[in-house]
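Spelled out from the first residue to the last, the chains are:
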Amino acid sequence: MPLPADSRHRFLDPAVVAKLKTIDLKARLVVEGFLAGLHRSPYKGFSVEFAEHRAYMPGDELKRIDWRVFGRTDRFYVREFEEETNLRAYILFDASGSMAYTTGKLTKLEYASSLAASLAYLLLRQKDSAGLVIFADRIQTYIPPRSSARHLNILLRHLEQLRPGGTTNIAGTLHQLAERVKRRGLVIVLSDLWDEPAAVLAALRHFRARKHEVLVFHILDPNERSLAFKTPVVLRDLETGQEKTVDPRLIRPEYQRSFDRFTQVLKQGCAQGLVDYHRIFTDTPYDQALLAYLARRQQIP
Amino acid sequence: MGFLNPHLLPLASLAAIPVLIHLISRLRLRQAQFPSLILLQTVRRDRFSWLRLKELLLLVVRTLALLALLLALARPYLRRTVPGLGSAQDLIVVLDDSYSMAYGSRWNRARQAAHAFLSSLAKGQRVQVLTSSQPESTLSSPGTTIPLLHAWLDSLRPSYSSRTLEPAIRRASQLAQAATAAVVVITDLQERALPPDLTVPKGATITLVDVAAPDFDNAGVVALRPDNPISPRQLTATFVNYGPRPVTRVAAFQADSAAAERMVVLGPGSRTQITFAVPSGNAPIPVQVQLRSDSLMPDNSRYGLVAPHKPTPVLVVQSAEAITNFLADALGPDSTAQFRLTVIDPHQLRATDLRRYPVVIVTDASRITPADWDRLDFYLRTGGAALVLTGALPGPGSGLERYARVLGTVLPAGFVSIVDLDTTHPALDILRPGDLAPARFFTHVRLAPVAGRVLARLADQDPFIIETANGRLHIWAVTLLPSATDLMFKAAFVPLLHRTLSYLAATNLRTDYLIGDTIRVMLDQAGPLMVTTPGGNYSLTADVALGRPRAIFTATRVPGSYRFGANGPVVVVNVDPAEGDLTRADPARLRTQGFKLQTPGFKNETAGLAPLLLYLAAAAFAAEMIVLAL
């Protein structure tokens, strides 16, 4: 039974999820909440491994009716199978200093951690293998993809221990990773992408050239677009420490146009490179991010 | 340009607040973290100029609006002319600060007019300001700066004075003639303050600036009188309604712990009396009768002193040759007698304890023996007092010679009269200089004071009353026999005798004073003492110049009870009730006396800028709305 839309969004509200202490629980909450909210799961029944029988319901395909059971019981049952793939997913996690930014209850890093954990949980629950790469100006942690249940704990532990810091070198790091990851798979990038757009896009295309599916979650704080300071303010760059005095009232419209141009360039560049791009603000419920992932997942053969 | 409320002018500095906020907000920048400054580096500044201009415009209109509002509070005006100034270069401002000016809004209007005069002065013009209660002291510019004069005006309050404007106008005229100045008198045109015989001196220009409305309501307490001065049981208060309408008020009586209230109904211009019971006691009790809910405060209260009086014992040493009933007739006894006489023969003097009597009367000095003179002398040196009449020439060795030399007996052709009387002396200040002139003296003794002074002199220049240096002995050059004088048959005789004996007995002669009076009280001892008054405490040193401790106090500026020393005498000071009559003088009569009249006030001579400033502030606020909407 699907939950009402409002309650589902409340359930997946980042602020609500952030109250949970462990990332494991967060991931479970997000994924179960998300799955419970789906009207009908289309992702069951594509595998060859039998899972269970269930009563036939109008709308089920006739070919899935188990006629043997019908012969014995004179009732219609359909056969269900556990989905089984050999997908290898790489979660590329940006832990640079800019990810520490927040104007609400959780930082971009915390939001991305919960999202990464949820994705990993979802992937492993479906018997896919998931790996984790944490980077800032260089690769800090590389955990190769595995599909075992224990692997989830390893990923979650690393996500829990994450501390933001350092400058961003997305392009360089992605190029480095593209060279390192030989077997094609799904590359999920969680980053605020504060780098030269052309260089970032080139790096993403590098993955595509290696036949990877690439999914980009552009994680942003709402204030990064709205620049909602009421008085003149000295802004200090979280990564470089550089300072700039601005009067937001004067520059806000121009800044917002510039910000929109920046994200538009990234979006268009991704579209041209067949990279799935999703801009997410940290006040957005997780299901939007998960839906974006699943929409991409459908494309995987 | 001037300001009617210049003391509010400093508030205009608050208009700097928007500018300060603008500057402070620029100086005190908040620091905040931001993920990346990449985009901020690329933001173009095309719209900055308009936004900055908008902000500047907002700052200007806000400052302008605030400044206009605050300046409007100071009530600026454009000066046209100074009324009454004419061609005179300088100005003398007389401010009527009598207590009638406390009625309604008179005082505020008077002060505003005075401020306006000060503010209207052109450069180089001088001004002197004085008040009707203290015309002797003036404040002047350039001796005092104009802002200080404004501040001084603000500190002034209506006094309790009831002085007419005559002394102030006379003083201002003198100053004006010395400095070729015009005089303006800011007053309520009270009739009693501008008597008909007050005329403008030749060459002077005096303008009366009227700050009063013709209509008024006022009632007051004008008198308190005990029913019996010896043993008062009741006090009668007299109330007057000066106004043209009937009034109903509450009269409250308070004396020590006793209190009472009565309704007072007064018709237009009428008076009524109400009697209150007073508590009994041996000590003087200050009492107060107050008329409540009346507009003019100072005349609503009247203070009195209920002092149970004990008759003063007087020893009369009366010889058979100078037997006279005139003393007994003049000094009592009756229900109001202040003195209790004990009459003895001269030969009984040696057996009499003189210390029981504050004062001794000797009707014939020639009948006192030298031994008794010694006793009298000792008595006089130890606090006693005596009135000695000289009937016949004293014999050789008479003790009188210690105080006055006896030069013989004078038998004038017909009679002589008193031509010189020192009415400033406390024993005689109840009399006017001519009060004793009708008395005829057919014979008298020619005396010459040894160390004393002459208080009254006869036409032949012989002394009539001699006071010794220590003030304890008065010697009259006549005895009270019809063959010697008819003084006893004159109206002034009783007051003269009473006053002399009261003075000699050191009885305080007066307990009821008016504001501005000089209080003289007799004390038990000399030295410093504290005078407790409603207006504060004063240190004073008793004056011993007249041979006895006496305090003279001049600071009678506030009505109420005045106590001299912790256990000393108490007197009361009241306002002059006549000042409560607010009837205005006839303007036509004042013009015939030479005054110019400025009515209804000073405002007509100025163009107020406050409404204009309010419009300006409103326009500035509207402009702010428009700029905000852009």
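Caption draft 1: How the structure looks around the overall build of chain A. Looking only at helices and strands, one finds 11 helices and 10 strands in chain A. Within the span of chain A, comprising 301 residues, buried residues form 52% of the whole. The contacts in chain A between residues at least 6 apart in sequence include a share of 75% that link residues at least 24 apart. Surface exposure of chain A reaches about 14,500 Å², of which carbon and sulfur atoms provide 51%.

Caption draft 2: Main features of the packing of helix α5 (residues 108-125) of chain A against helix α6 (residues 149-160) of chain A. Residue and element names in this part refer to chain A. It is at 10 Å that the axes of α5 and α6 come closest, and there the two elements cross at 175°. Judged by the inter-axis angle, α5 sits roughly antiparallel to α6. Contacts from Ser113, Ala116, Ala117, Ala120, Tyr121 and Leu124 of α5 reach α6 at His151, Leu152, Leu155, Leu156 and Leu159. Residue composition of the contact of α5 with α6, grouped by class: 9 nonpolar, 2 polar and no charged.

Caption draft 3: Layout of the pattern of salt bridges. All names here are of chain B. Under the counting rule described, the total for this entry stands at 32 salt bridges over all chains. Note that Arg192 is salt-bridged to Glu579, the shortest N-O span being 2.4 Å. One end of the pair, Arg192, is in the loop between β7 (181-187) and β8 (206-210); the other, Glu579, is in the loop between β32 (570-574) and α10 (587-592), with 387 residues separating them in the sequence. By relative accessible area, Arg192 is classed as partly exposed at 24%. The salt bridge involving Arg381 is made with Asp377; its shortest N-O contact spans 3.0 Å. One end of the pair, Arg381, and the other, Asp377, are both in helix α8 (residues 370-381), 4 residues apart, so they sit about a helical turn from each other.

Caption draft 4: Main features of the interface of chain B and chain A. At the junction of the two partners, chain B supplies 20 residues and chain A supplies 32 residues. Counting each side, the surface lost to burial between chain B and chain A is near 2,700 Å², with a carbon and sulfur contribution of 65%. It is B:Phe34, B:Pro35 and B:Leu39 in chain B that bury the most area against chain A; as a group they hold 27% of the surface buried on that side. Our enumeration of links across chain B and chain A arrives at 0 salt bridges. At the level of secondary structure, the elements contributing two or more residues to the side of chain B that touches chain A comprise β2 (30-34), α2 (38-42) and α3 (48-73) of chain B. Its residues assigned to classes, the side of chain B that touches chain A comprises 11 nonpolar, 5 polar and 4 charged. In this sheet, β2(B) lies alongside strand β8 (residues 233-237) of chain A in parallel orientation, the contact comprising 5 bridges. If you follow A:Leu235 over to β2(B), its bridge partner there is B:Ala32.

Caption draft 5: The environment of A:Arg279, seen in detail. Residues and elements named next belong to chain A. You can see Arg279 is positioned in strand β10 (residues 276-281). A relative accessible area of 36% places Arg279 in the partly exposed class. Residues Arg279 and Val216, 63 residues apart in the sequence, show an inter-C-alpha distance of 8.2 Å. Arg279 has contacts with His218, Leu220, Phe259, Asp260 and Thr263, leaving out every residue within four places of it along the chain. A polar side-chain atom of Arg279 sits 3.2 Å from a polar atom in the side chain of Thr263.

Caption draft 6: Highlighting the side chain of B:Asp462. Residue and element names in this part refer to chain B. Within the element layout of this structure, Asp462 appears in the loop between β23 (453-458) and β24 (463-467). Polar side-chain contacts of Asp462 include one of 2.9 Å to the side chain of His444. Sequence-distant contacts of Asp462, defined by excluding residues within four places in its chain, comprise Val410, His444, Arg446 and Arg457.

Caption draft 7: Inspection of the sheet that holds β8(A) at higher detail. If you trace the 3 strands from one edge of the open sheet to the other, you get β9(A)-β8(A)-β2(B), paired in mixed fashion. For this open sheet the edge positions go to β9 (243-246) of chain A together with β2 of chain B, each flanked by a neighbour on one side alone. Ignoring strand direction, the axes of neighbouring strands in this sheet form an average angle of 30°.

Caption draft 8: Focus on unusual backbone geometry. All names here are of chain A. In this structure, Leu193 takes a positive phi of about 60° despite not being glycine. Note on placement: Leu193 falls in the loop between β6 (186-191) and α8 (197-209). Judged by its relative accessible area of 1%, Leu193 falls in the buried class.

Caption draft 9: Representation of the packing of aromatic side chains within the structure. A full pass over the atoms with the stated rule returns 19 aromatic pairs over all chains. For the ring pair A:Tyr255 and A:Phe259, a centre distance of 6.4 Å and an interplane angle of 35° mean the geometry is tilted. Of this pair, A:Tyr255 and A:Phe259 both sit in helix α10 (residues 248-272), 4 residues apart, which is roughly one turn of that helix. Here A:Phe259 falls in the buried class, since its relative accessible area comes to 0%. Site record: aromatic cluster; members linked through ring pairs are A:Tyr101, A:Trp194, A:Phe229, A:Tyr255, A:Phe259, A:Phe262 and B:Phe34. Just above the ring of A:Tyr142 sits the side chain of A:Arg180; from NZ or CZ to the centre is 4.1 Å.

Criteria and thresholds
Residues numbered from 1 in each chain as written. Chains lettered and ligands numbered in written order. Predicted model: local features only at pLDDT ≥ 70, side-chain atom pairs only at ≥ 80, totals over all residues. Heavy atoms only, no water. Helix = DSSP H or I, 4+ residues; strand = E, 2+ residues; numbered from the N terminus. Buried < 20%, exposed > 50% of the residue type's maximum accessible area, 1.4 Å probe, protein only. Contact = heavy atoms within 4.5 Å. Areas by Shrake-Rupley, 256 points an atom, 1.4 Å probe, with all protein chains shown as cover. Axes fitted to C-alpha atoms, helices over the stretch in contact; angles between N-to-C directions. Parallel < 35°, antiparallel > 145°, perpendicular 65-115°, else oblique. Nonpolar A, V, L, I, M, F, W, Y, C, P; charged D, E, K, R; others polar. Salt bridge = Lys/Arg side-chain N within 4 Å of Asp/Glu carboxyl O. Buried area = accessible area lost by both parts, 1.4 Å probe. Pairing = 2+ DSSP bridges. Polar contact = N/O pair within 3.5 Å; in protein donor to acceptor, adjacent residues only side chain to side chain. Phe/Tyr/Trp six-rings, centres within 6.5 Å; stacked < 30°, edge-to-face > 60°. Lys NZ or Arg CZ within 6 Å of the ring centre and 35° of its normal.

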